[in-house]
Amino acid sequence: MDPRDNLKGAGLMMASMLSFTLNDTAIKLLAGQVPLNQVLFLRGLLTTALIYAVIHLRGPLNWRIPRRDGWLVALRVFAEIGAAYFFLTALFNMPIANVTAILQSLPLTVTLAAALFLREPVGWRRFGAIFIGFLGVLLIVRPGAEDFTVFSLYALVAVGFVTLRDLSTRKLSTQTPSMLVTLLSSGGVMVFFGLSSVNTEWVALDIRAALLIGISSVMIIGGYLFSVMVMRMGEISFVSPFRYTGLVWALILGFVVFNDWPDQLTLAGAAIVVATGLYTLYRDTRKRRETAQ
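Attention in this report is confined to the structure presented alongside it. No experiment lies behind these values; they were computed from the predicted model shown.

1. A look at the packing of aromatic side chains
Step number 1: For the coordinates displayed, the defined rule picks out nine aromatic pairs.
Step number 2: Ring geometry for phenylalanine 192 against phenylalanine 193: centres 5.0 Å apart, planes inclined by 85°, an arrangement best described as edge-to-face.
Step number 3: By relative accessible area, phenylalanine 192 is classed as partly exposed at 41%.
Step number 4: Ring pairing ties together the aromatic residues Phe78, Tyr85, Phe86, Phe151, Tyr154 and Phe161, which thus form one cluster.
Step number 5: Across the ring face of phenylalanine 258, the terminal group of lysine 28 is positioned such that the distance to the ring centre comes to 5.5 Å.

If you want it as structure tokens, here you go:
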């Protein structure tokens, strides 16, 4: 493989993480001004329209889903809704870097869940890394400490929903188009929070709020597109570690935009989670290479 492809892949991964973090920043700036249900419905409306436009530009799409994939797509939509609610509720009430640090445990939870529910082989080294990584998460959450809030648990529940989403996606057959799954997930979020907002008192959007929702919609589409492009350029083992630049972006934007900086224990916990996640990725890549030989 051309080494330049790896560099391009790394750049796309960092761009993807920046896009997602800019989306989170825009949403967090709406906290206290616009109800969460209203934000998620309006963002879902714009996002779904943008995804449909992208599909239309790419040409005809196969709208048929194999029967065996139907329940998996439904499960993925459910997980997307749960992840959006719990993650953004935590984001509204916690520093962005803290929420993002907890989310960095995702590679660990996906590996553990794949071993428990999909019977994927995981050696004792990766199990050890997962255990140590979860200790790092405890340093970030710190249950029982004076500054502990229930919203840290919301962030953990969001990790659980994202894990469910990723596992259901992994089980989908190649006959189900990725863009169709993305469109249905976005549409599901839009419909659910549109219905949930019926009993919510809507507020009129000023120019700032409308602009932030627009930015959020564009950034989340950018994050999805960049992440798809990453999978088609460069070696996964090379580009995957750059996923953790999301934490760097969150630290920078959290300080610049919100004047938030995590304390030393949170930073130490985040470092442990990232280190164990990188090790898990390394062991997974090595195992795949040994299997392929």
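2. Quick notes on the environment of alanine 158
Step number 1: Secondary-structure assignment places alanine 158 in helix 7 (residues 150–171).
Step number 2: The exposure class of alanine 158 is buried, given its relative accessible area of 1%.
Step number 3: Distance from alanine 158 to tryptophan 71, taken between C-alpha atoms, is 21 Å for residues 87 residues apart in sequence.
Step number 4: Leave out the neighbours within four places in its chain, and alanine 158 touches Ala83, Phe86 and Phe87.

3. Examining the nonpolar core
Step number 1: In this structure, Leu30, Leu88 and Ile102 are the most contacted members of the largest nonpolar core, which totals 43 residues.
Step number 2: Sorting elements by how many residues they give to this core places helix 3 (residues 67–93) first, with 10 residues.
Step number 3: Among all residues touching leucine 30, those that are not within four sequence positions of it are Val39, Phe92, Ala209, Leu212 and Ile213.
Step number 4: In this structure, Leu106, Ala114, Phe161 and Val162 belong to the second largest nonpolar core, which totals nine residues.

4. Some details on helix 6 (residues 124–141)
Step number 1: In this model, helix 6 (18 residues) spans 26 Å end to end at C-alpha, consistent with the 26 Å of a helix rising 1.5 Å per residue.
Step number 2: For helix 6, the full list of buried residues reads Arg126, Ala129, Ile130, Gly133, Gly136, Val137, Ile140 and Val141. Seen end-on, helix 6 carries its buried residues on one side only, within an arc spanning 135°. In helix 6, the exposed positions that point more than 90 degrees away from the buried face belong to Trp124 and Phe131.
Step number 3: Directly beyond the C-terminal end of helix 6, a positive phi value near 50° is found at arginine 142.

5. A word on a nonpolar patch on the surface
Step number 1: Together, Val248, Ile252, Phe255, Val256, Val257, Trp261 and Leu267 make up an exposed nonpolar region whose accessible area comes to about 650 Å².
Step number 2: Here the nonpolar patch takes five residues from helix 11 (residues 245–258), the largest share from any one element.

6. Considerations on the packing of helix 5 (residues 106–117) against helix 7
Step number 1: Two elements in contact, helix 5 and helix 7, have axes whose closest approach is 9 Å; the angle formed by their N-to-C orientations is 55°. Taken as axis vectors, helix 5 and helix 7 run oblique relative to one another. When you trace helix 5 past helix 7, the crossing you get is right-handed. The segment helix 5 lies against helix 7, with Leu106, Thr109, Val110, Ala113 and Ala114 engaging Val159, Val162, Thr163, Asp166, Leu167 and Arg170.
Step number 2: Counted by class, the contact of helix 5 with helix 7 contains seven nonpolar, two polar and two charged residues.

About the criteria used
- Residues numbered from 1 in each chain as written.
- Predicted model: local features only at pLDDT ≥ 70, side-chain atom pairs only at ≥ 80, totals over all residues.
- Heavy atoms only, no water.
- Phe/Tyr/Trp six-rings, centres within 6.5 Å; stacked < 30°, edge-to-face > 60°.
- Buried < 20%, exposed > 50% of the residue type's maximum accessible area, 1.4 Å probe, protein only.
- Lys NZ or Arg CZ within 6 Å of the ring centre and 35° of its normal.
- Helix = DSSP H or I, 4+ residues; strand = E, 2+ residues; numbered from the N terminus.
- Contact = heavy atoms within 4.5 Å.
- Core = buried A, V, L, I, M, F, W, Y, C linked by side-chain atoms within 4.5 Å.
- Expected span 1.5 Å × (residues − 1).
- Arc of directions from axis to C-beta.
- Patch = residues over 30% accessible without salt bridge, like charges linked within 9 Å, V, L, I, M, F, W, Y side chains within 5 Å.
- Areas by Shrake-Rupley, 256 points an atom, 1.4 Å probe, with all protein chains shown as cover.
- Salt bridge = Lys/Arg side-chain N within 4 Å of Asp/Glu carboxyl O.
- Axes fitted to C-alpha atoms, helices over the stretch in contact; angles between N-to-C directions.
- Parallel < 35°, antiparallel > 145°, perpendicular 65-115°, else oblique.
- Left-handed = near helix turned anticlockwise from the far one by under 90°.
- Nonpolar A, V, L, I, M, F, W, Y, C, P; charged D, E, K, R; others polar.

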